[in-house]
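# An overview of the molecular structure
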Amino acid sequence: MSGRYVLQYTNTARKGIKRLDGSVRKRVRAAIEALADDPRPNGCVQVKGHPDMWRIRVGDYRIRYELDDGVLVVLVLKVAPRGGFYDDL
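Residues numbered from 1 in each chain as written. Predicted model: local features only at pLDDT ≥ 70, side-chain atom pairs only at ≥ 80, totals over all residues. Heavy atoms only, no water.

You'll find the chain entered in an unreviewed UniProt entry as mRNA interferase RelE/StbE, with Nocardiopsis sinuspersici given as the organism. Taken verbatim from the UniProt record of the chain, the Sequence similarities (unreviewed entry) comment is "Belongs to the RelE toxin family." (UniProt positions renumbered as here; feature names shortened; annotations may be inferred.)

Printed below as a string of structure tokens:
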């Protein structure tokens, strides 16, 4: 690995995280923080039709993000439960 990635958040992702209750929010934040060191962890899935978009699962929640390997940025796009998570793709 050539370095640590910078984490950035869309407003949609910030709102999604804010809506979570305490223990789930902690787990989601920890999973997002881990993306800075390993942006493609075990269990991550590339979103079909979007070559730079990935998703990870934390319990019943999904975290969708884009990677820019050129400038080492992880852009967190959305944090939401499974239902409706893919509606905006």
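Bringing the packing of aromatic side chains into the picture now. Here the distance between the centres and the angle between the planes together describe a pair of aromatic rings. For the structure on display, the rule yields one aromatic pair. Between Phe85 and Tyr86 the ring centres are 4.9 Å apart and the planes differ by 85°, which places this aromatic pair in the edge-to-face class. The exposure class of Phe85 is buried, given its relative accessible area of 0%. By relative accessible area, which is 28% here, Tyr86 ends up partly exposed. The side chain of Arg64 reaches across the aromatic face of Phe85, ending 4.9 Å from its centre. (Phe/Tyr/Trp six-rings, centres within 6.5 Å; stacked < 30°, edge-to-face > 60°. Buried < 20%, exposed > 50% of the residue type's maximum accessible area, 1.4 Å probe, protein only. Lys NZ or Arg CZ within 6 Å of the ring centre and 35° of its normal.)

Here we take up the nonpolar core. Counting residues in each nonpolar core, the largest one holds 20 residues, and the members touching the most others are Val28, Ile63, Tyr65 and Val79. At five residues, helix 2 (residues 22-35) tops the list of elements feeding residues into this core. (Core = buried A, V, L, I, M, F, W, Y, C linked by side-chain atoms within 4.5 Å. Helix = DSSP H or I, 4+ residues; strand = E, 2+ residues; numbered from the N terminus.)

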